[in-house]
Amino acid sequence: MSAVGETAGERLRAGEFIPLVALHFSLVALAIDGMLPALPELGHDLGVTRPNDVQYVIVSLFFGLGLGQVLFGPLSDRIGRKPAIYAGLAVFMAGCVVSVVAPTFEAMIAGRVLQGVGVAAPRIVMVALVRDQYGGRPMARIMSFAMAVFILVPAVAPALGLLVLRTVGWRSIFIGFFVIAAIAFVWLLLRQPETLPAARRRPFSLRTIARAVREVLGIRAAVGYTIATGFAFSPFVAYLSSAPQMFEQGYGVRDLFVAWFAILALVIGAASIVNGRLVMRYGMRRLSAIAATAIALVSTAAWLGLFSVDGLFPFWLFMAYFLFVFMCVGLLVGNLNALAMEPLGHIAGVGAAVVASLATLIAVPLGGIVGQSFDGTLYAQVGAFAVFGAGMLVAIWWAGGSPRRRGRP
(Lines give C-alpha, C1' and ligand atoms only; values in the text may rest on other atoms or scores of the structure.)
Protein backbone atom coordinates (compact mmCIF):
# COMPACT_ATOMS: atom_id res chain seq x y z
CA MET A 1 0.00 0.00 0.00
CA SER A 2 1.33 3.43 -0.91
CA ALA A 3 1.47 6.20 1.62
CA VAL A 4 1.69 8.69 -1.19
CA GLY A 5 -1.92 8.31 -2.05
CA GLU A 6 -2.80 9.60 1.40
CA THR A 7 -0.91 12.84 0.94
CA ALA A 8 -0.26 14.06 -2.54
CA GLY A 9 -1.78 11.74 -5.12
CA GLU A 10 -0.36 8.77 -6.97
CA ARG A 11 3.23 7.74 -6.45
CA LEU A 12 5.73 8.21 -9.25
CA ARG A 13 5.99 5.53 -11.88
CA ALA A 14 9.00 3.25 -11.44
CA GLY A 15 10.61 4.65 -14.60
CA GLU A 16 11.01 8.03 -12.93
CA PHE A 17 11.09 6.98 -9.28
CA ILE A 18 14.10 4.68 -9.62
CA PRO A 19 16.33 7.32 -11.30
CA LEU A 20 15.24 9.89 -8.70
CA VAL A 21 16.21 7.55 -5.87
CA ALA A 22 19.44 6.63 -7.66
CA LEU A 23 20.43 10.29 -8.11
CA HIS A 24 20.05 11.01 -4.39
CA PHE A 25 21.90 7.81 -3.50
CA SER A 26 24.63 8.68 -6.01
CA LEU A 27 25.61 11.89 -4.25
CA VAL A 28 27.53 9.77 -1.74
CA ALA A 29 29.39 7.89 -4.47
CA LEU A 30 29.98 11.09 -6.40
CA ALA A 31 31.45 12.85 -3.36
CA ILE A 32 33.78 9.89 -2.80
CA ASP A 33 34.78 8.63 -6.23
CA GLY A 34 34.92 12.01 -7.93
CA MET A 35 37.75 12.97 -5.56
CA LEU A 36 39.92 9.87 -6.01
CA PRO A 37 42.05 11.11 -8.95
CA ALA A 38 42.62 14.42 -7.15
CA LEU A 39 43.95 13.02 -3.87
CA PRO A 40 47.67 13.25 -4.71
CA GLU A 41 47.42 16.87 -5.96
CA LEU A 42 45.14 17.85 -3.09
CA GLY A 43 47.57 16.41 -0.57
CA HIS A 44 50.51 18.17 -2.22
CA ASP A 45 48.76 21.55 -2.37
CA LEU A 46 47.60 21.37 1.25
CA GLY A 47 50.93 20.20 2.65
CA VAL A 48 50.17 16.56 3.48
CA THR A 49 53.49 14.80 4.16
CA ARG A 50 52.40 11.21 4.86
CA PRO A 51 50.88 9.55 1.72
CA ASN A 52 48.32 7.47 3.64
CA ASP A 53 46.93 10.61 5.30
CA VAL A 54 45.16 11.68 2.10
CA GLN A 55 42.83 8.74 2.74
CA TYR A 56 41.18 10.91 5.41
CA VAL A 57 39.58 12.95 2.61
CA ILE A 58 37.50 9.83 1.94
CA VAL A 59 37.18 8.45 5.48
CA SER A 60 36.08 11.83 6.90
CA LEU A 61 33.09 11.91 4.55
CA PHE A 62 32.06 8.46 5.76
CA PHE A 63 32.42 9.69 9.34
CA GLY A 64 30.12 12.64 8.67
CA LEU A 65 27.71 10.31 6.93
CA GLY A 66 27.45 8.19 10.06
CA LEU A 67 26.72 11.24 12.20
CA GLY A 68 24.18 12.70 9.80
CA GLN A 69 22.17 9.52 9.53
CA VAL A 70 21.43 9.66 13.26
CA LEU A 71 19.95 13.14 12.81
CA PHE A 72 18.08 13.04 9.51
CA GLY A 73 16.33 9.71 9.86
CA PRO A 74 14.41 10.68 13.03
CA LEU A 75 13.97 14.23 11.71
CA SER A 76 12.24 12.86 8.62
CA ASP A 77 9.79 11.02 10.89
CA ARG A 78 8.89 14.39 12.42
CA ILE A 79 8.83 16.89 9.55
CA GLY A 80 8.37 14.58 6.56
CA ARG A 81 10.72 12.96 4.09
CA LYS A 82 11.07 15.81 1.62
CA PRO A 83 11.86 18.65 4.08
CA ALA A 84 14.52 16.49 5.74
CA ILE A 85 16.17 15.83 2.37
CA TYR A 86 16.04 19.55 1.53
CA ALA A 87 17.86 20.35 4.78
CA GLY A 88 20.53 17.75 4.15
CA LEU A 89 21.19 18.91 0.61
CA ALA A 90 21.64 22.46 1.91
CA VAL A 91 24.23 21.25 4.46
CA PHE A 92 26.01 19.25 1.77
CA MET A 93 26.22 22.28 -0.50
CA ALA A 94 27.58 24.36 2.39
CA GLY A 95 30.28 21.74 2.92
CA CYS A 96 31.18 21.99 -0.76
CA VAL A 97 31.70 25.73 -0.37
CA VAL A 98 33.96 25.16 2.65
CA SER A 99 36.08 22.69 0.66
CA VAL A 100 36.35 25.02 -2.33
CA VAL A 101 37.94 27.76 -0.19
CA ALA A 102 39.80 25.52 2.33
CA PRO A 103 43.29 26.96 3.00
CA THR A 104 44.54 23.96 5.01
CA PHE A 105 44.12 20.20 5.09
CA GLU A 106 42.30 20.49 8.41
CA ALA A 107 39.78 22.90 6.86
CA MET A 108 39.34 20.51 3.97
CA ILE A 109 38.57 17.66 6.36
CA ALA A 110 36.03 19.88 8.16
CA GLY A 111 34.31 20.58 4.84
CA ARG A 112 34.28 16.89 4.01
CA VAL A 113 32.71 15.99 7.37
CA LEU A 114 30.06 18.63 6.70
CA GLN A 115 29.44 17.14 3.26
CA GLY A 116 29.07 13.72 4.85
CA VAL A 117 26.57 15.00 7.41
CA GLY A 118 24.50 16.64 4.70
CA VAL A 119 24.59 13.84 2.15
CA ALA A 120 23.28 11.50 4.84
CA ALA A 121 19.81 12.97 4.34
CA PRO A 122 19.27 12.01 0.68
CA ARG A 123 21.02 8.70 1.31
CA ILE A 124 19.11 7.61 4.41
CA VAL A 125 15.76 9.35 4.04
CA MET A 126 15.38 8.00 0.51
CA VAL A 127 15.49 4.50 2.00
CA ALA A 128 12.63 5.45 4.32
CA LEU A 129 10.79 7.05 1.39
CA VAL A 130 11.07 3.78 -0.55
CA ARG A 131 10.00 1.80 2.52
CA ASP A 132 6.92 4.04 2.87
CA GLN A 133 5.72 2.70 -0.47
CA TYR A 134 7.21 -0.79 -0.81
CA GLY A 135 8.07 -3.75 1.41
CA GLY A 136 9.66 -7.18 1.22
CA ARG A 137 10.83 -8.45 -2.14
CA PRO A 138 9.31 -5.56 -4.13
CA MET A 139 11.40 -3.18 -1.99
CA ALA A 140 14.51 -5.29 -2.60
CA ARG A 141 13.74 -5.15 -6.32
CA ILE A 142 13.37 -1.34 -6.32
CA MET A 143 16.53 -0.96 -4.23
CA SER A 144 18.51 -3.28 -6.49
CA PHE A 145 17.53 -1.43 -9.67
CA ALA A 146 18.19 1.94 -7.99
CA MET A 147 21.60 0.69 -6.85
CA ALA A 148 22.31 -0.49 -10.39
CA VAL A 149 21.67 3.01 -11.76
CA PHE A 150 23.54 4.52 -8.83
CA ILE A 151 26.61 2.36 -9.51
CA LEU A 152 27.10 4.05 -12.88
CA VAL A 153 28.28 7.06 -10.91
CA PRO A 154 31.35 5.34 -9.44
CA ALA A 155 32.10 4.13 -12.96
CA VAL A 156 32.21 7.62 -14.46
CA ALA A 157 32.90 9.88 -11.45
CA PRO A 158 36.69 9.34 -11.37
CA ALA A 159 36.92 10.16 -15.07
CA LEU A 160 34.86 13.32 -14.57
CA GLY A 161 36.96 14.24 -11.56
CA LEU A 162 40.14 13.72 -13.58
CA LEU A 163 38.78 15.88 -16.41
CA VAL A 164 37.94 18.71 -14.02
CA LEU A 165 41.29 18.29 -12.25
CA ARG A 166 43.28 18.66 -15.46
CA THR A 167 41.25 21.56 -16.83
CA VAL A 168 40.35 23.83 -13.91
CA GLY A 169 41.89 22.23 -10.81
CA TRP A 170 40.71 20.02 -7.95
CA ARG A 171 38.81 22.76 -6.11
CA SER A 172 36.34 22.99 -8.99
CA ILE A 173 35.32 19.38 -8.39
CA PHE A 174 33.41 20.62 -5.34
CA ILE A 175 31.61 23.18 -7.49
CA GLY A 176 30.41 20.27 -9.62
CA PHE A 177 29.13 18.50 -6.50
CA PHE A 178 27.23 21.66 -5.56
CA VAL A 179 25.52 21.88 -8.96
CA ILE A 180 24.43 18.23 -9.00
CA ALA A 181 23.02 18.53 -5.47
CA ALA A 182 21.02 21.55 -6.63
CA ILE A 183 19.57 19.51 -9.51
CA ALA A 184 18.54 16.75 -7.10
CA PHE A 185 16.90 19.36 -4.86
CA VAL A 186 14.80 20.80 -7.70
CA TRP A 187 13.76 17.41 -9.10
CA LEU A 188 12.58 16.25 -5.68
CA LEU A 189 10.76 19.53 -5.11
CA LEU A 190 8.87 19.45 -8.39
CA ARG A 191 8.09 15.78 -8.93
CA GLN A 192 8.08 13.57 -5.83
CA PRO A 193 4.99 13.63 -3.57
CA GLU A 194 5.48 13.49 0.19
CA THR A 195 5.17 9.89 1.42
CA LEU A 196 4.70 10.43 5.16
CA PRO A 197 1.27 11.87 6.01
CA ALA A 198 0.94 14.09 9.06
CA ALA A 199 -1.03 11.43 10.94
CA ARG A 200 1.95 9.07 10.87
CA ARG A 201 4.59 11.55 11.97
CA ARG A 202 6.38 11.09 15.28
CA PRO A 203 7.59 13.71 17.79
CA PHE A 204 11.24 14.70 17.47
CA SER A 205 12.68 14.35 20.97
CA LEU A 206 15.63 12.55 22.47
CA ARG A 207 13.27 10.37 24.52
CA THR A 208 11.24 9.36 21.48
CA ILE A 209 14.37 8.70 19.45
CA ALA A 210 15.92 6.66 22.26
CA ARG A 211 12.75 4.60 22.53
CA ALA A 212 12.78 3.93 18.80
CA VAL A 213 16.48 3.07 18.86
CA ARG A 214 15.86 0.58 21.67
CA GLU A 215 13.04 -0.92 19.63
CA VAL A 216 15.29 -1.36 16.60
CA LEU A 217 18.11 -2.81 18.68
CA GLY A 218 15.65 -5.23 20.23
CA ILE A 219 14.80 -6.78 16.86
CA ARG A 220 17.24 -9.57 16.19
CA ALA A 221 16.83 -9.54 12.42
CA ALA A 222 17.37 -5.79 12.12
CA VAL A 223 20.52 -5.88 14.25
CA GLY A 224 21.99 -8.98 12.61
CA TYR A 225 21.54 -7.82 9.04
CA THR A 226 22.83 -4.36 9.98
CA ILE A 227 26.01 -5.89 11.37
CA ALA A 228 26.32 -7.94 8.18
CA THR A 229 25.97 -4.73 6.17
CA GLY A 230 28.74 -3.10 8.21
CA PHE A 231 31.02 -6.07 7.57
CA ALA A 232 30.20 -5.93 3.86
CA PHE A 233 31.24 -2.29 3.64
CA SER A 234 34.34 -2.42 5.87
CA PRO A 235 36.77 -3.78 3.24
CA PHE A 236 35.01 -1.67 0.62
CA VAL A 237 35.78 1.52 2.59
CA ALA A 238 39.41 0.38 2.74
CA TYR A 239 39.43 -0.22 -1.01
CA LEU A 240 37.94 3.19 -1.82
CA SER A 241 40.34 5.10 0.42
CA SER A 242 43.45 3.33 -0.84
CA ALA A 243 42.52 2.56 -4.48
CA PRO A 244 44.67 5.33 -6.07
CA GLN A 245 47.70 4.14 -4.10
CA MET A 246 46.93 0.50 -4.84
CA PHE A 247 46.79 1.03 -8.59
CA GLU A 248 49.69 3.50 -8.78
CA GLN A 249 52.16 2.13 -6.21
CA GLY A 250 51.28 -1.51 -6.66
CA TYR A 251 50.86 -1.65 -10.43
CA GLY A 252 52.01 1.69 -11.84
CA VAL A 253 48.76 2.31 -13.73
CA ARG A 254 47.88 5.80 -12.53
CA ASP A 255 46.97 7.10 -16.01
CA LEU A 256 44.54 4.20 -16.54
CA PHE A 257 43.25 4.19 -12.97
CA VAL A 258 39.87 5.68 -13.92
CA ALA A 259 39.30 2.99 -16.56
CA TRP A 260 40.12 0.03 -14.30
CA PHE A 261 38.17 1.58 -11.44
CA ALA A 262 35.16 1.99 -13.74
CA ILE A 263 35.28 -1.67 -14.77
CA LEU A 264 35.24 -2.81 -11.15
CA ALA A 265 32.41 -0.42 -10.34
CA LEU A 266 30.31 -1.59 -13.27
CA VAL A 267 30.44 -5.22 -12.17
CA ILE A 268 28.71 -4.21 -8.92
CA GLY A 269 25.98 -2.54 -10.96
CA ALA A 270 25.61 -5.57 -13.21
CA ALA A 271 25.31 -7.84 -10.18
CA SER A 272 22.69 -5.52 -8.68
CA ILE A 273 20.61 -5.78 -11.86
CA VAL A 274 20.88 -9.55 -11.79
CA ASN A 275 19.94 -9.53 -8.11
CA GLY A 276 16.81 -7.52 -8.88
CA ARG A 277 15.62 -10.51 -10.89
CA LEU A 278 17.02 -13.37 -8.81
CA VAL A 279 15.68 -12.07 -5.50
CA MET A 280 12.06 -12.57 -6.54
CA ARG A 281 12.78 -16.27 -7.11
CA TYR A 282 15.41 -17.25 -4.53
CA GLY A 283 14.94 -14.71 -1.74
CA MET A 284 17.15 -12.14 -0.07
CA ARG A 285 18.58 -14.29 2.71
CA ARG A 286 19.69 -17.18 0.51
CA LEU A 287 21.41 -14.92 -2.03
CA SER A 288 23.15 -12.96 0.73
CA ALA A 289 24.42 -16.13 2.40
CA ILE A 290 25.75 -17.50 -0.90
CA ALA A 291 27.54 -14.22 -1.70
CA ALA A 292 29.09 -13.92 1.78
CA THR A 293 30.28 -17.53 1.66
CA ALA A 294 31.86 -16.99 -1.75
CA ILE A 295 33.69 -13.85 -0.59
CA ALA A 296 35.05 -15.58 2.52
CA LEU A 297 36.24 -18.74 0.75
CA VAL A 298 37.75 -17.10 -2.34
CA SER A 299 39.43 -14.35 -0.30
CA THR A 300 40.94 -16.85 2.13
CA ALA A 301 42.41 -18.80 -0.78
CA ALA A 302 43.63 -15.58 -2.39
CA TRP A 303 45.26 -14.36 0.83
CA LEU A 304 47.17 -17.60 1.18
CA GLY A 305 48.20 -17.35 -2.46
CA LEU A 306 49.68 -13.88 -1.90
CA PHE A 307 52.55 -15.42 0.06
CA SER A 308 53.82 -17.08 -3.12
CA VAL A 309 53.94 -13.78 -5.06
CA ASP A 310 55.36 -11.42 -2.40
CA GLY A 311 51.98 -9.85 -1.67
CA LEU A 312 51.06 -8.73 -5.21
CA PHE A 313 49.20 -10.78 -7.80
CA PRO A 314 49.88 -10.27 -11.49
CA PHE A 315 47.59 -7.47 -12.63
CA TRP A 316 45.24 -9.78 -14.53
CA LEU A 317 44.74 -11.92 -11.44
CA PHE A 318 44.31 -8.81 -9.27
CA MET A 319 41.48 -7.65 -11.57
CA ALA A 320 39.91 -11.12 -11.74
CA TYR A 321 39.83 -11.38 -7.94
CA PHE A 322 38.25 -7.95 -7.43
CA LEU A 323 35.76 -8.53 -10.25
CA PHE A 324 34.56 -11.67 -8.49
CA VAL A 325 34.44 -10.07 -5.03
CA PHE A 326 32.60 -6.98 -6.26
CA MET A 327 30.10 -9.16 -8.11
CA CYS A 328 29.30 -10.72 -4.75
CA VAL A 329 29.10 -7.27 -3.14
CA GLY A 330 26.50 -6.34 -5.76
CA LEU A 331 24.38 -9.27 -4.63
CA LEU A 332 24.69 -8.21 -0.99
CA VAL A 333 24.01 -4.47 -0.89
CA GLY A 334 20.33 -4.26 -1.75
CA ASN A 335 19.43 -7.53 -0.03
CA LEU A 336 21.06 -6.85 3.35
CA ASN A 337 19.60 -3.37 3.53
CA ALA A 338 16.11 -4.61 2.67
CA LEU A 339 16.40 -7.48 5.17
CA ALA A 340 17.39 -5.07 7.94
CA MET A 341 14.53 -2.71 7.07
CA GLU A 342 11.85 -5.39 6.63
CA PRO A 343 10.63 -5.41 10.28
CA LEU A 344 10.90 -1.61 10.61
CA GLY A 345 8.12 -0.33 8.38
CA HIS A 346 6.29 1.31 11.28
CA ILE A 347 9.40 3.37 12.18
CA ALA A 348 11.01 3.55 8.76
CA GLY A 349 12.75 6.90 9.27
CA VAL A 350 14.50 6.23 12.55
CA GLY A 351 14.87 2.60 11.57
CA ALA A 352 16.75 3.51 8.41
CA ALA A 353 18.89 5.92 10.45
CA VAL A 354 19.85 3.31 13.04
CA VAL A 355 20.53 0.66 10.41
CA ALA A 356 22.70 2.95 8.29
CA SER A 357 24.46 4.63 11.22
CA LEU A 358 25.38 1.38 12.91
CA ALA A 359 26.57 -0.12 9.63
CA THR A 360 28.66 2.99 8.94
CA LEU A 361 30.10 3.10 12.44
CA ILE A 362 31.19 -0.51 11.95
CA ALA A 363 32.57 0.02 8.46
CA VAL A 364 34.44 3.33 8.87
CA PRO A 365 36.84 2.49 11.73
CA LEU A 366 37.44 -1.07 10.53
CA GLY A 367 37.86 0.02 6.92
CA GLY A 368 40.04 2.94 8.01
CA ILE A 369 42.37 0.61 9.89
CA VAL A 370 42.70 -1.63 6.85
CA GLY A 371 43.30 1.35 4.56
CA GLN A 372 45.95 2.84 6.84
CA SER A 373 47.69 -0.56 6.81
CA PHE A 374 48.39 -0.27 3.09
CA ASP A 375 52.07 -0.97 2.48
CA GLY A 376 52.20 -1.53 -1.25
CA THR A 377 50.89 -5.11 -1.04
CA LEU A 378 47.45 -6.73 -1.00
CA TYR A 379 47.76 -8.63 2.28
CA ALA A 380 45.59 -6.26 4.31
CA GLN A 381 42.90 -5.72 1.66
CA VAL A 382 42.41 -9.35 0.68
CA GLY A 383 42.64 -10.49 4.30
CA ALA A 384 39.92 -8.00 5.21
CA PHE A 385 37.55 -9.47 2.63
CA ALA A 386 38.24 -12.95 4.01
CA VAL A 387 37.66 -11.99 7.65
CA PHE A 388 34.64 -9.76 7.07
CA GLY A 389 33.14 -12.23 4.60
CA ALA A 390 33.14 -14.82 7.36
CA GLY A 391 31.73 -12.23 9.76
CA MET A 392 28.90 -11.49 7.33
CA LEU A 393 28.01 -15.15 7.11
CA VAL A 394 27.85 -15.49 10.89
CA ALA A 395 25.71 -12.35 11.20
CA ILE A 396 23.31 -13.52 8.47
CA TRP A 397 22.95 -16.91 10.15
CA TRP A 398 22.34 -15.29 13.55
CA ALA A 399 19.83 -12.77 12.17
CA GLY A 400 17.81 -15.45 10.40
CA GLY A 401 17.53 -17.70 13.44
CA SER A 402 16.84 -21.41 13.16
CA PRO A 403 15.58 -22.95 9.90
CA ARG A 404 12.10 -23.41 11.39
CA ARG A 405 11.81 -19.67 12.04
CA ARG A 406 12.93 -18.61 8.61
CA GLY A 407 10.26 -17.08 6.49
CA ARG A 408 9.91 -16.08 2.89
CA PRO A 409 12.58 -13.30 2.67
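(A) Main features of the overall build of the protein chain. Check the secondary structure of the protein chain and you find 15 helices and zero strands. The C-alpha atoms of the protein chain give a radius of gyration of 20 Å, which matches the 22 Å a tight globule of 409 residues would have. In the protein chain, which comprises 409 residues, the share counted as buried stands at 59%. Nonlocal contacts in the protein chain, meaning residues at least 24 apart in sequence, comprise 86% of its contacts between residues at least 6 apart. Counting only carbon and sulfur atoms, one obtains 69% of the accessible surface of the protein chain, whose full area is about 15900 Å². Charged side chains in the protein chain number 30 positive and 17 negative. The centres of these two groups are separated by 14 Å.

(B) Representation of the side chain of Gln381 within the structure. Structurally, Gln381 is set in helix 15 (residues 379-400). Assessed through its relative accessible area of 4%, Gln381 is described here as buried. Discounting residues that sit within four places of it in the chain, Gln381 has contacts with Pro235, Ala238, Tyr239, Ser242, Met246, Phe322 and Val370.

(C) Quick look at the nonpolar core. Counting residues in each nonpolar core, the largest one holds 133 residues, and the members touching the most others are Trp170, Phe177, Tyr239, Phe318, Phe322 and Phe326. Tallying contributions element by element places helix 13 (residues 315-341) first for this core, with 16 residues. If we ignore the near neighbours within four places in the chain, the residues touching Phe318 are Met246, Phe247, Tyr251, Phe313 and Leu378.

(D) Just the packing of aromatic side chains, in detail. What the rule picks out here adds up to 25 aromatic pairs. Centre to centre, the rings of Phe233 and Phe236 are 6.4 Å apart; their planes meet at 70°, and the pair counts as edge-to-face. Placement of the pair is Phe233 and Phe236 together in helix 10 (residues 220-251), with a separation of three residues, close to one helical turn. Overall, Phe233 belongs to the partly exposed group, its relative accessible area being 27%. Owing to a relative accessible area of 15%, Phe236 belongs among the buried residues under this scheme. On the numbers, 5.1 Å between centres and 80° between planes, the contact of Tyr321 with Phe322 is edge-to-face. Here Tyr321 and Phe322 have matching classes, each one buried.

Quick notes on the rules
- Residues numbered from 1 in each chain as written.
- Predicted model: local features only at pLDDT ≥ 70, side-chain atom pairs only at ≥ 80, totals over all residues.
- Heavy atoms only, no water.
- Helix = DSSP H or I, 4+ residues; strand = E, 2+ residues; numbered from the N terminus.
- Rg over C-alpha atoms; globule rule 2.2 N^0.38 Å.
- Buried < 20%, exposed > 50% of the residue type's maximum accessible area, 1.4 Å probe, protein only.
- Contact = heavy atoms within 4.5 Å.
- Areas by Shrake-Rupley, 256 points an atom, 1.4 Å probe, with all protein chains shown as cover.
- Lys, Arg positive; Asp, Glu negative; His and termini not counted.
- Charge placed at Lys NZ, Arg CZ, Asp CG, Glu CD.
- Core = buried A, V, L, I, M, F, W, Y, C linked by side-chain atoms within 4.5 Å.
- Phe/Tyr/Trp six-rings, centres within 6.5 Å; stacked < 30°, edge-to-face > 60°.

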